[in-house]
Amino acid sequence: MRLALAALLVLLPTRLRRLVANRVLGWEIDPEAYLGRSLVIADKVVMAPQSSIGPWNVIRNLDELRLERGATIATRNRIWAHPLANVVFAHVKGRRAALVLGPYAKITDAHEIDCSDRVELGKHAALAGFRSQILTHSLDLARDRQTTSPVELGERCAVMSGCLLLSGTRVPARSIVSAGSVVTTKLTTELTFYRGNPAEAVRSLPETLKYFHREDLSDSERYYQALAEAQRADRP
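Residues numbered from 1 in each chain as written. Predicted model: local features only at pLDDT ≥ 70, side-chain atom pairs only at ≥ 80, totals over all residues. Heavy atoms only, no water.

Caption draft 1: Quick peek at the pairing of strand β15 (residues 145–148). Alignment of strand β14 (residues 137–140) against β15, held across 4 bridges, turns out to be antiparallel. For L139, the partnering residue across the bridge sits in β15 and is Q146. Count of turn residues in the β14/β15 antiparallel hairpin: 4 residues, of which D144 carries a positive phi of about 55°. (Pairing = 2+ DSSP bridges. Helix = DSSP H or I, 4+ residues; strand = E, 2+ residues; numbered from the N terminus.)

Caption draft 2: Expanded view of the sheet that holds strand β17 (residues 158–159). Read across the sheet, 9 strands follow the order β2-β4-β6-β9-β12-β17-β20-β22-β23 without closing on themselves; strand pairing throughout is mixed. Strand pairing shows two members of the sheet lacking a second neighbour, β2 (34–35) and β23 (200–204), which therefore form its edges.

Caption draft 3: Representation of the pattern of salt bridges. Under the definition given, this model contains 10 salt bridges. Between D140 and R143 there is a salt bridge, with its nearest N and O atoms 3.0 Å apart. Assessed through its relative accessible area of 18%, D140 is described here as buried. The exposed category is assigned to R143, whose relative accessible area is 55%. (Salt bridge = Lys/Arg side-chain N within 4 Å of Asp/Glu carboxyl O. Buried < 20%, exposed > 50% of the residue type's maximum accessible area, 1.4 Å probe, protein only.)

Caption draft 4: How the structure looks around helix α2 (residues 14–23). Burial in α2 covers these residues: T14, R17, R18, V20 and A21. Buried residues in α2, looked at end-on, bunch into an arc of 165°, giving them a common side. (Arc of directions from axis to C-beta.)

Caption draft 5: Looking closely at the environment of E64. As for its position among the elements, E64 is in strand β5 (residues 58–67). Sequence separation between E64 and A97 is 33 residues, and the spatial gap between their C-alpha atoms is 6.7 Å. A distance of 2.7 Å separates polar atoms of two side chains, one belonging to E64 and the other to R96. (Polar contact = N/O pair within 3.5 Å; in protein donor to acceptor, adjacent residues only side chain to side chain.)

Caption draft 6: Quick peek at helix α1 (residues 2–11). Within α1 the residues assigned to the buried category are L5, A6, L9 and V10. Looking straight down α1, one finds that the buried residues subtend no more than 150° of arc, so they occupy a single side. For α1, the exposed residues lying more than 90 degrees away from the buried face are L3 and L11. Looking at the buried positions of α1, the neighbouring elements they touch are α2 and β3 (39–47). (Contact = heavy atoms within 4.5 Å.)

Caption draft 7: Inspection of the side chain of T169 at higher detail. By the secondary structure assignment, T169 is in the loop between β18 (164–165) and β19 (170–171). Here L166 takes part through its backbone oxygen, which lies 2.7 Å from a polar atom of the side chain of T169. When neighbours within four sequence positions are excluded, T169 is seen to be in contact with P150, V151, E152, V183, T184, T185 and K186.

Caption draft 8: Representation of the packing of aromatic side chains. This structure, assessed with the given rule, holds 1 aromatic pair. Seen from the ring of F193, R203 lies directly overhead, with NZ or CZ sitting 4.5 Å from the centre. Sitting above the plane of the Y211 ring, R214 keeps its charged end 4.1 Å from the centroid. (Phe/Tyr/Trp six-rings, centres within 6.5 Å; stacked < 30°, edge-to-face > 60°. Lys NZ or Arg CZ within 6 Å of the ring centre and 35° of its normal.)

Caption draft 9: Quick look at unusual backbone geometry. Here the bond from N197 into P198 is cis, since omega is 0°, no more than 30 degrees from zero. Within the secondary structure layout, P198 lies in the loop between β22 (192–195) and β23. Despite not being glycine, Q50 has its phi angle at roughly 70°, a positive value. Tracing the backbone shows Q50 in the loop between β3 and β4 (52–53). In the Ramachandran plot, Y104 falls in the positive-phi region, its phi being about 60° despite a non-glycine side chain. Counting through the fold element by element, Y104 comes out in the loop between β8 (98–101) and β9 (106–109). Taking relative accessible area as the criterion, Y104 reaches 15% and is therefore assigned buried.

Caption draft 10: View of the nonpolar core. Ranked by size, the top nonpolar core spans 45 residues in total, and within it L62, L65, I73, L99, L153 and L165 carry the most contacts. Elements represented by at least two residues in this core include exactly α2, β3, β5, β8, β11 (119–121) and β16 (151–153). Among residues more than four places away in sequence, those in contact with L99 are L62, E64, L65, R66, I73, I79, I107, C115, V119 and L121. Listed in part, the 6 residues of the second largest apolar core include A158, L191, L205 and F212. (Core = buried A, V, L, I, M, F, W, Y, C linked by side-chain atoms within 4.5 Å.)

Here it is in structure tokens:
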């Protein structure tokens, strides 16, 4: 039933899509938010004003999908979770299959995100470029069983193309992870450029970088806002 309703939403015009999502599914999509032609299967969806989900994303089996003001999920992303009822993870307490984007946080193109546990992006954080992976579940070899841990991206951090973030990791605020890096632990030092497999601190970053002081829409955010506007062409 949920799959059928999700498929129906993809086919509906924008305004009707929001109306059906709010009244039939009980979601909370603000009139100033934009939900594009993406397949979304989640128990709870909250989209604040100026938030946007572009076309051709597949988002499924989430307990919660939350986008704060101005947050963006662009296009061709695959976001999924093992449901809470999955017996493989029954021993994991407090697990939340959730994706939370803080104000003006963004996920760009063609990323793969496992939300079997919570994935959270802070204000202005970016999963940038394309084809990065976030994994929140893994095999505990010592106990020979699957486990999960949340993954967090701190405020105004940037994770560049082709990175891999493993279960339980964290990228600190105002830091940059270089393209192709593998984050295997909780990184701790802000204002730092990380690189490698495993990702390690390479050098400090100046606090004056404009990226770390964004309040209004940046050029890239304007681009994805324009993309969302283009998709509004199907609005009656």
